[in-house]
Amino acid sequence: MPHLTSTAAGTASTGLGVGLGIPGYAHPLVAPLEWNALTRPGAPVHWAALNVSGGPGARLDPHCLEATGRLRTAGVRVLGHLDLIQGTRSFGELISEAHRYLDWYEVDGFLLDRCPTERAALPEIRRLTTTLRVLLDHGHIVLGHGTHPHPGYAENADQLVTFSGTWNDYRWSQVAEWTADYPPERFCHFVHGVPRGHLEEALRIARWQGAGTIWFTDRTLRGGRTAPWETMPGYWDDIVSRLGTGVSE
């Protein structure tokens, strides 16, 4: 299979532990069990993204404030979700949303979802991430490309999401050769529709391709929405036990 024969993938793998990045559970009122699960001792969570209402919302949400407070107490990094819509949103609008996330929820960083991938967009993304780091006093920046972008993006974020999609696509995916120049903790993979019986195979692909943060779920797309990320996978306890404990940040 391609993920087992790529030279770059084998080079990128260092044997470091893999942990979970949560792309965005549903609202805490809709998914209370999911948010509570992230605070359990030993849960291997690197970070969780907060998406209140297509962003931070128009006003502070007390339920989201409570949920993020519990995560912070448990030592889990909380990221604000900013949707770049492939670079079509204005700089001012995104920074305004970032301010609301910081003022209301004291987020530790940002997931820049639907980030562009082409070289031409690099200067604007660099401007955005530089400004966000000033607002955060550094903090954690994840660029949510969903595929391999131009390599220059790696210099503008702490992590890149280089795969986001279905299990059928993931099991035959190949890693870009340039990723071998970076350690696994720089890359994230989000995969939906992973059957329980293929969970170990999915984890093996992530390790070979050099992804240090993952989110695998058996949930699937429903009605064209990003529903698979909104609820806990049916094999949550299984994936937690496979990844081990003590890697929360």
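Residues numbered from 1 in each chain as written. Predicted model: local features only at pLDDT ≥ 70, side-chain atom pairs only at ≥ 80, totals over all residues. Heavy atoms only, no water.

Novice: Sorry, what's going on with the overall build of the protein here?
Specialist: The secondary structure content of the protein amounts to nine helices and eight strands. Counting only residues that meet the buried cut, the protein has 52% of its 249 residues in that class. For the protein, long-range pairs separated by at least 24 residues make up 75% of all intrachain contacts whose partners lie at least 6 apart in sequence. Within the structure as shown, the protein displays about 10700 Å² of accessible surface, and the carbon and sulfur contribution to it stands at 51%. (Helix = DSSP H or I, 4+ residues; strand = E, 2+ residues; numbered from the N terminus. Buried < 20%, exposed > 50% of the residue type's maximum accessible area, 1.4 Å probe, protein only. Contact = heavy atoms within 4.5 Å. Areas by Shrake-Rupley, 256 points an atom, 1.4 Å probe, with all protein chains shown as cover.)

Novice: Can you walk me through helix α5 (residues 91-105) in this structure?
Specialist: Because the α-helix completes a turn every 3.6 residues, residues three or four places apart line up on one side. Between its first and last C-alpha, α5 extends 21 Å over 15 residues, near the 21 Å set by a 1.5 Å rise per residue. Of the residues making up α5, those classed as buried are Leu94, Ile95, Glu97, Ala98, Tyr101, Leu102 and Tyr105. Along the long axis of α5, the arc covered by the buried residues comes to 160°, so they all point the same way. Downstream of α5 by a residue or two, glutamate 106 has a phi angle that is positive, lying close to 50°. (Expected span 1.5 Å × (residues − 1). Arc of directions from axis to C-beta.)

Novice: I tried to follow helix α9 (residues 236-243) on my own but got confused; where do I start?
Specialist: Every buried residue of α9 is accounted for by Trp236, Ile239, Val240 and Leu243. For α9, the angular spread of buried residues about the axis comes to 100°, placing them on one side. Exposed side chains of α9 directed beyond 90 degrees from the buried face belong to Asp237 and Ser241.

Novice: Would you mind going over the side chain of histidine 81 with me for this structure?
Specialist: Summarising the element assignment, histidine 81 is placed in strand β3 (residues 77-83). Look past the residues within four positions of histidine 81 in its chain and what remains in contact with it is Pro23, Leu50, Asn51, Gly55, Tyr101, Leu111 and Asp113.

Novice: What should I look at first to understand the pairing of β3 in this one?
Specialist: Where a strand is regular, its side chains alternate between the two sheet faces. Buried residues dominate β3, accounting for six of its seven residues. In this structure, strand β2 (residues 45-50) lies alongside β3, joined through four bridges in parallel fashion. Residue pairing across strands places alanine 48 opposite valine 78, the latter belonging to β3. Running through helix α4 (residues 62-73), the crossover from β2 to the neighbouring parallel element β3 is right-handed. Pairing of β3 with strand β4 (residues 109-113), which is carried by five bridges, proceeds in the parallel orientation. Bridging from a neighbouring strand, histidine 81 pairs with leucine 111 of β4. (Pairing = 2+ DSSP bridges. Right-handed = clockwise from strand over helix to strand, strands pointing away.)

Novice: Got a minute to help me understand unusual backbone geometry in this structure?
Specialist: Most peptide bonds are trans, and most residues other than glycine sit at a negative phi. The phi dihedral of aspartate 137 is positive, around 55°, even though this residue is not glycine. With respect to the element layout, aspartate 137 can be found in the loop between α6 (122-136) and β5 (140-144). For aspartate 137, a relative accessible area of 62% puts it in the exposed group.

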